[in-house]
Amino acid sequence: MKSSAIKIINSFWNKKNANYFKKITNITNLAIVVVVIIIIIASSYFLRPLFFDYVENKEIVENKIETYLKTKTNISGDISYRFFPKTKITAKNVELHFTKSKKKPLILKEVNFLVSLSSLNSLEDLQIKKVLIKNQEIEIFSNQFKNYTAYFQKKSVNNLIFKNCDVFFLDKQGNRININKLNLINNQNL
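These figures come from a predicted structure and were not determined experimentally.

What counts as what
- Here the residue numbering is sequential within each chain, running from 1 through the sequence in written order.
- The predicted nature of this model means local features are confined to residues of pLDDT at least 70 and side-chain atom pairs, given and counted, to a pLDDT of 80 or more, with totals for whole chains, interfaces and linings taken over all residues.
- Only hydrogens and water are set aside; all other atoms, that is, all heavy atoms of the structure, feed into the side-chain values.
- Put simply, a nonpolar core is a bunch of buried Ala, Val, Leu, Ile, Met, Phe, Trp, Tyr and Cys residues held in one set by side-chain atoms that sit within 4.5 Å of each other.
- Relative accessibility decides the category of a residue: with a 1.4 Å probe and only protein chains considered, values under 20% of the type maximum give buried, values over 50% give exposed, and everything between is partly exposed.
- By definition, any uninterrupted DSSP run of H or I lasting at least four residues is a helix, any uninterrupted run of E lasting at least two residues is a strand, and each is numbered from the N terminus.
- The contact definition used throughout considers only heavy atoms, calling two residues in contact when any of these lie within 4.5 Å.
- Both site types are read off a 1 Å grid over the protein atoms alone. A 1.4 Å probe that fits but cannot get out defines a cavity, while an open set with protein on both sides within 12 Å along at least five of seven lines defines a pocket; lining residues have an atom within 4 Å of a point.
- Grid points are joined across faces, edges and corners, and a volume is the space filled by probe spheres set on the points.
- Ten residue types, Ala, Val, Leu, Ile, Met, Phe, Trp, Tyr, Cys and Pro, are classed as nonpolar, four, Asp, Glu, Lys and Arg, as charged, and the remainder, Gly among them, as polar.
- Between Lys or Arg on one side and Asp or Glu on the other, a salt bridge is scored when a side-chain nitrogen of the former is within 4 Å of a carboxyl oxygen of the latter.
- Here is the rule: rings of Phe, Tyr and Trp (six-membered ring for Trp) pair when centre to centre is within 6.5 Å. Planes less than 30 degrees apart are stacked, more than 60 are edge-to-face, and the remainder are tilted.
- Between N or O atoms, a polar contact is any pair within 3.5 Å; within protein, one atom must be a potential hydrogen donor and the other a potential acceptor, and residues adjacent in sequence are included only when both atoms are from side chains.
- Excluding any residue in a salt bridge, patches collect residues exceeding 30% relative accessible area, merging like charges within 9 Å and nonpolar Val, Leu, Ile, Met, Phe, Trp and Tyr side chains within 5 Å.
- Each accessible area is a Shrake-Rupley result for a 1.4 Å probe, and residues are judged covered by the shown protein chains and nothing else.

(A) Main features of the nonpolar core. Grouped together as the largest cluster of nonpolar side chains are 36 residues, with contacts concentrated most on Tyr-54, Leu-69, Val-131, Ile-133 and Ile-138. Elements supplying a minimum of two residues to this core: α3 (58-69), β2 (79-82), β3 (88-97), β4 (106-115), β5 (128-134), α4 (145-154) and β7 (160-170). Once you skip the residues sitting within four places of it in the chain, Ile-138 turns out to touch Leu-106, Ile-107, Leu-108, Ile-133, Phe-162, Cys-165, Asp-166, Val-167 and Phe-168.

Written out as structure tokens, the structure reads:
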């Protein structure tokens, strides 16, 4: 009698577990679980750079920018990461030195460096794909025109974009000369 009672209970239990398993493993539930797992993996990948210490590793970021832009660079402002709408590192108060002396650098209030998705593991692996400078007022110096033109002629910096920028310089009498709504795309692939 014991064996038949145990067999009945086991049979009932197995039937209950099988029905429960069939209920939770329908297509809708499996699709939801797969989507949630993909969202968790993607968000952890995109949000990882939020936890990088940009202040402590400022030299690494400056070296990556110098390598990409092929000119001496100094960042005196904040460095931050944004992943929406495109993954990018934003640097404030970026100084570009086109001469060996530290006099009169080109100062950009905010520069966006679009980065490669495959390089989001660490700052050492960071790869810049594009530099976007937009909606800024940029002062250039008339005595350095030769350096600016030499830079754009000799240095082949791909994907350097100035969008809707106002550029101005002061002549020898102190008059301000404006170039409004400058759009410049330096791209070797065009």
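Moving on from the model shown.
(B) Looking closely at empty space enclosed by the protein. The tally for this structure, following the rule as stated, stands at 1 cavity of 30 Å³ or more. Empty space within the largest cavity amounts to approximately 40 Å³. Every residue lining the largest cavity is listed: Pro-49, Phe-52, Tyr-54, Tyr-81, Ile-89, Ser-119, Leu-120, Ser-122, Leu-123 and Leu-126. By residue class, the composition of the lining of the largest cavity is 8 nonpolar, 2 polar and no charged.

(C) Local environment of the pattern of salt bridges. Following the criterion strictly, the structure yields 3 salt bridges and no others. The partner of Arg-176 in a salt bridge is Glu-137, with the nearest N and O atoms 2.9 Å apart. In this pair, Arg-176 sits in strand β8 (residues 176-186) while Glu-137 sits in strand β6 (residues 137-139), placing the two residues 39 residues apart along the sequence. Look at Glu-137 and you get partly exposed, because its relative accessible area is 40%.

(D) The arrangement of the packing of aromatic side chains in detail. In this structure the tally under the stated criterion is 5 aromatic pairs. For the ring pair Phe-98 and Tyr-148, a centre distance of 5.2 Å and an interplane angle of 85 degrees mean the geometry is edge-to-face. With Phe-98 in the loop between β3 and β4 and Tyr-148 in helix α4, the pair connects residues that are 50 residues apart, well separated along the chain. In this pair, the class of Phe-98 matches that of Tyr-148, namely buried. Seen in terms of ring centroids, Phe-145 and Phe-169 are 5.0 Å apart; in terms of plane orientation they differ by 85 degrees. Their pairing is edge-to-face. With a gap of 24 residues between them, Phe-145 in helix α4 and Phe-169 in strand β7 connect regions that are remote in the sequence.

(E) Structural view of the side chain of Thr-90. Among the secondary structure elements, Thr-90 is positioned in strand β3. Of the polar contacts made by the side chain of Thr-90, one reaches the side chain of Asn-112; its length is 2.9 Å. Other than its neighbours up to four places away in sequence, Thr-90 contacts Asp-78, Ile-79, Ser-80, Arg-82, Glu-110, Val-111 and Asn-112.

(F) Expanded view of the side chain of Thr-73. Here Thr-73 is to be found in strand β1 (residues 72-75). A polar side-chain atom of Thr-73 sits 3.1 Å from the main-chain carbonyl oxygen of Thr-71.

(G) Molecular detail of a nonpolar patch on the surface. Together, Leu-50, Phe-51, Phe-83 and Phe-84 line one region of the surface with nonpolar side chains, adding up to about 510 Å² of accessible area. Topologically, Phe-83 is positioned in the loop between β2 and β3. Taking the relative accessible area as the measure of exposure, Phe-83 reaches 38% and is therefore partly exposed.

(H) A look at the environment of Ile-107. If you trace the backbone, Ile-107 turns up in strand β4. The exposure class assigned to Ile-107 is partly exposed, which follows from its relative accessible area of 43%. Note: C-alpha distance between Ile-107 and His-97 (10 residues apart in sequence) is 9.0 Å. In contact with Ile-107, other than residues within four places in its own chain, are Val-94, Glu-95 and Ile-138.

(I) A look at the layout of surface pockets. For the largest pocket, the calculated volume is near 330 Å³. Taken together, 19 residues make up the lining of the largest pocket; nearest its centre are Ile-140, Tyr-148, Phe-152, Phe-162 and Leu-184. Listing elements by their share of the lining of the largest pocket, those giving two or more residues are α4, β7 and β8. A per-element tally of the lining of the largest pocket places α4 first, with 5 residues. A class-by-class count of the residues in the lining of the largest pocket yields 17 nonpolar, 2 polar and no charged. The space that makes up the second largest pocket amounts to roughly 200 Å³. As for the second largest pocket, its lining consists of Pro-85, Lys-86, Lys-88, Leu-114, Lys-130, Leu-132, Lys-134, Ile-161, Lys-163 and Ile-185. When residues of the lining of the second largest pocket are traced back to their parent elements, those giving at least two are β5 and β7.

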